[in-house]
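# Coordinate inspection notes
Take a look at the letters that make up each chain.
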Amino acid sequence: MENPLPENSFQRVIKTYVLRAGRMTAAQRRDYEELSKIWCIPFEMKKLNYAEIFGNTNPVTVEIGFGMGTATALIAEANPDMNYIGIEVHTPGVGKLLGEIRSRNLKNLYIIQFDALDVLEQMITDGSVAAFHVFFPDPWPKKKHHKRRLVKRPNTELFARKLSEGGYFYMVTDWKEYAEFALEELKETAGLENKYSLFAEHQSWRPETKFEAKGIAAEREITELMFLKKTLGNS
């Protein structure tokens, strides 16, 4: 359980995360052991069939790096007519969200515990994602670590390719320099266009996360970005 990623996983030279051996509570460990076989989708080198997974053809939102998953569960609960896939590598967070899925009786949320970029490349069909949610990704503040940032080219080009026409990419961060960096990367990504003239308005439907509360307590500005997949007639 301490190392859930298969030994034969892709050996990316540059990772966008550090796999920490976080401690699990007894409840998280119990929920992980009991529920992961039900609500976790194993990594495979084949494309997902959403209709088989969810039993419907509702739009699919992919959240990358959901942390402890509280906001993820609240969003899924508030939108039963939409489907959600949460991607996270850290086992305690997966265990916590599995518990939320059970306690809230969610039928529209599944988890993939693997490197998100590998999942997108190998398991997600081009043009099949209605939305990407990226809430408070690791800012990797040191310049020498900027190469590890999730929201940068060519990753943003991968997001654009997976989005369906009219779909959106939504990022929230409490690190203003990262927001400015991501804004430029997204602006330079073919197939995407900014929904706003600069940064996005606060999206009231998004619940506050633990990382957001910490950022506010530290008096850091919360910045949001929302880019849309260009329509065929507007590319």
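Whatever comes next refers back to the structure up there.
## Quick notes on the overall build of the protein
Looking only at helices and strands, one finds eight helices and seven strands in the protein. Taken over 235 residues, the protein has a buried fraction of 51%. If you take every contact in the protein between residues at least 6 apart in sequence, the share linking residues at least 24 apart comes to 81%. In the structure as shown, the protein presents an accessible area of about 11,800 Å², 51% of it carried by carbon and sulfur atoms.

## Things to note about the sheet that holds strand β6 (residues 192–194)
Strand order in the open sheet formed by seven strands is β3-β2-β1-β4-β5-β7-β6, with mixed pairing between adjacent strands. For this open sheet the edge positions go to β3 (109–112) and β6, each flanked by a neighbour on one side alone. Sheet twist, expressed as the average angle between the axes of neighbouring strands with direction ignored, equals 20°. Docked against the sheet, helix α6 (residues 155–162) engages β1 (60–64), β4 (129–135), β5 (163–173), β6 and β7 (223–229), running at close to 140° with respect to β5.

## A short note on the packing of helix α5 (residues 116–123) against α6
The description of two helices packed together rests on the angle between their axes and the distance between the axes. Look at α5 against α6: their axes get within 11 Å of each other, and the N-to-C directions meet at 40°. What the angle tells us is that α5 and α6 run oblique. The chirality of how α5 crosses α6 is left-handed. From α5, L117, L120 and E121 reach across to α6, where they touch N155, L158, F159 and K162.

## Quick word on the environment of W175
Position of W175 relative to the elements: it lies in the loop between β5 and α7 (176–187). Separated by 39 residues in the primary sequence, W175 and F136 place their C-alpha atoms 8.5 Å from one another. Among all residues touching W175, those that are not within four sequence positions of it are P139, P141, R149, R220 and E221.

## Describing the pattern of salt bridges
Taken as a whole, this structure holds 15 salt bridges when the rule is applied. One network of salt bridges, with partners in common, ties together R30, D31, E34 and R102.

## What about the side chain of D174?
With respect to the helices and strands, the residue D174 is situated in the loop between β5 and α7. A polar contact of 2.9 Å, which involves the side chain of D174, links it to the side chain of R220. The residues contacting D174, other than those within four sequence positions of it, are F136, F211, G215, R220, E221 and I222.

## A word on the pairing of β1
Here β1 lies mainly inside the structure; five of its five residues are buried. A two-sided burial pattern is seen for β1, the buried positions comprising V60, V62 and I64 on one face and T61 and E63 on the other. Sheet topology places β1 next to strand β2 (residues 83–87); five bridges connect them, and they run parallel. Within β2, the position partnered with T61 by the bridge is Y84. This β-α-β element, β1 to helix α3 (residues 70–78) to β2, shows right-handed connectivity. Pairing of β1 with β4 involves three bridges; the strand directions are parallel. Among the inter-strand pairings, V62 is bridged to a residue of β4, identified as F132.

Parameters at a glance
Residues numbered from 1 in each chain as written. Predicted model: local features only at pLDDT ≥ 70, side-chain atom pairs only at ≥ 80, totals over all residues. Heavy atoms only, no water. Helix = DSSP H or I, 4+ residues; strand = E, 2+ residues; numbered from the N terminus. Buried < 20%, exposed > 50% of the residue type's maximum accessible area, 1.4 Å probe, protein only. Contact = heavy atoms within 4.5 Å. Areas by Shrake-Rupley, 256 points an atom, 1.4 Å probe, with all protein chains shown as cover. Pairing = 2+ DSSP bridges. Axes fitted to C-alpha atoms, helices over the stretch in contact; angles between N-to-C directions. Parallel < 35°, antiparallel > 145°, perpendicular 65-115°, else oblique. Left-handed = near helix turned anticlockwise from the far one by under 90°. Salt bridge = Lys/Arg side-chain N within 4 Å of Asp/Glu carboxyl O. Polar contact = N/O pair within 3.5 Å; in protein donor to acceptor, adjacent residues only side chain to side chain. Right-handed = clockwise from strand over helix to strand, strands pointing away.

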